[in-house]
Amino acid sequence: MPTDPGRRHFLVSAGVFAGFTGVALANNVPLLTPGHHVIMMLNAACSDDQNINVFEPPILHAATGDVVTFIPTDTGHNTAARRGMIPEGVEPWNGGVDEVVTLEMSVPGVYGYVCTPHYEVGMVGLIIVGNDLSNLDAARSVRQRDRARAAFRALFEEIDLS
């Protein structure tokens, strides 16, 4: 893999688009349109090869009704809702390893999610739907283990600064 972050980002993005297009066509998933977001599951961040096991972007802002698709760009990853970190009334999800997962974000609020195999090393992310932070304190209060604690703390700090 190239070490130049700009080149890596371009190559990963091009590969994700090509892969997503193939997955979308094979599974009757609509191609990217306004209101359709992609979160990549990566072995290393596009901008920093030293930042391993990441979701990119780590924080996604979406509108109510938008669709989010998690793409296992690199193998060995999944996405799963983190218990206590999704809005009330939302059905938790738990995708299989290397599975494309598509969710409609119909309930506003903060959604915390993890890669189950890499949770303890800090592979976590947040989706903010409808700029609604009403369950932020509840999500923040969920106990985390190992590096996930620091990773979620950093994401919450980024939200606090925005």
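Remember, it's a predicted structure, so these values are computed and weren't measured experimentally.

> I would appreciate a short explanation of the pattern of salt bridges in the present structure.
If the charged atoms of two oppositely charged side chains come close together, the side chains can form a pair. Using the criterion set out here, one finds two salt bridges in the structure. Ionic pairing is found between Arg145 and Glu120, a salt bridge with its closest N-O pair at 1.7 Å. Taken as a pair, Arg145 in the loop between α2 (136–141) and α3 (146–161) and Glu120 in the loop between β7 (109–114) and β8 (124–129) lie far apart in primary sequence, 25 residues in all. A salt bridge links Asp160 to Arg140, with the shortest nitrogen-to-oxygen separation between them at 3.0 Å. A residue pair is termed long-range when its members are at least 10 positions apart, and Asp160 in helix α3 and Arg140 in helix α2 qualify at 20 residues.

> Where do I start with the sheet that holds strand β2 (residues 48–56) in this structure?
Whether parallel or antiparallel, the strands of a sheet pair through hydrogen bonds between backbone atoms. Here we have four strands laid out as an open sheet, ordered β2-β1-β4-β6, and mixed in their pairing. Each edge of the open sheet carries a strand with a single partner, namely β2 and β6 (101–104). Here the average twist between neighbouring strands, direction ignored, is 25°. By the bridge criterion, five bridges tie strand β1 (residues 36–45) to strand β4 (residues 67–71) in an arrangement that is parallel. Across the sheet, residue Val38 finds its bridge partner in β4, namely Thr69.

> Hey, could you run me through α3 in this one?
An α-helix turns once every 3.6 residues. As a result, residues three or four positions apart point the same way. Its 16 residues give α3 an end-to-end C-alpha distance of 24 Å, which sits within 8% of 22 Å, the value for a rise of 1.5 Å per residue. Taken together, the buried positions of α3 are occupied by Ala148, Ala151, Phe152, Leu155, Phe156 and Ile159. The buried residues of α3 all sit within an arc of 135° when viewed along its axis, so they share a single face. Exposed residues lying more than 90 degrees from the buried face of α3 are Arg147 and Leu161.

> It is not clear to me how the layout of surface pockets should be interpreted in this structure. Could you clarify?
The computed volume of the largest pocket comes to approximately 320 Å³. Lining the largest pocket are 19 residues, and of these Asn51, Val54, Phe55, Pro58 and Gly122 lie nearest its centre. Counting only elements with at least two residues in the lining of the largest pocket, the list comes to β2 and α3. Take the lining of the largest pocket: its biggest share by element is eight residues, from β2. Taken as a whole, the second largest pocket holds about 250 Å³ of empty space. Lining the second largest pocket are Ala80, Ala81, Arg82, Arg83, Gly84, Ile86, Pro92, Trp93, Asn94, Val114, Thr116 and Tyr119.

> What exactly am I supposed to notice about the packing of aromatic side chains here?
Given two aromatic rings, their pairing is described by the distance between the two centres and the angle made by the two planes. Per the counting criterion, the structure on display carries six aromatic pairs. For the pair Phe55 and Tyr113, a centre-to-centre distance of 4.7 Å together with 80° between the ring planes defines the contact as edge-to-face. You can see Phe55 sitting in strand β2 and its partner Tyr113 sitting in strand β7, a full 58 residues away along the chain. Of the two residues, Phe55 and Tyr113, both sit in the buried class. Taken together, a centroid distance of 6.1 Å and an interplanar angle of 20° make the contact between Phe152 and Phe156 stacked. Of this pair, Phe152 and Phe156 both sit in helix α3, four residues apart, which is roughly one turn of the helix. Judged on exposure class, the residue Phe152 and its partner Phe156 are both buried.

Conventions we followed
Residues numbered from 1 in each chain as written. Predicted model: local features only at pLDDT ≥ 70, side-chain atom pairs only at ≥ 80, totals over all residues. Heavy atoms only, no water. Salt bridge = Lys/Arg side-chain N within 4 Å of Asp/Glu carboxyl O. Helix = DSSP H or I, 4+ residues; strand = E, 2+ residues; numbered from the N terminus. Pairing = 2+ DSSP bridges. Axes fitted to C-alpha atoms, helices over the stretch in contact; angles between N-to-C directions. Expected span 1.5 Å × (residues − 1). Buried < 20%, exposed > 50% of the residue type's maximum accessible area, 1.4 Å probe, protein only. Arc of directions from axis to C-beta. 1 Å grid on protein atoms, 1.4 Å probe; cavity = no way out; pocket = protein on both sides within 12 Å on 5 of 7 lines; lining within 4 Å. Points joined across faces, edges and corners; volume = space filled by probe spheres on them. Phe/Tyr/Trp six-rings, centres within 6.5 Å; stacked < 30°, edge-to-face > 60°.

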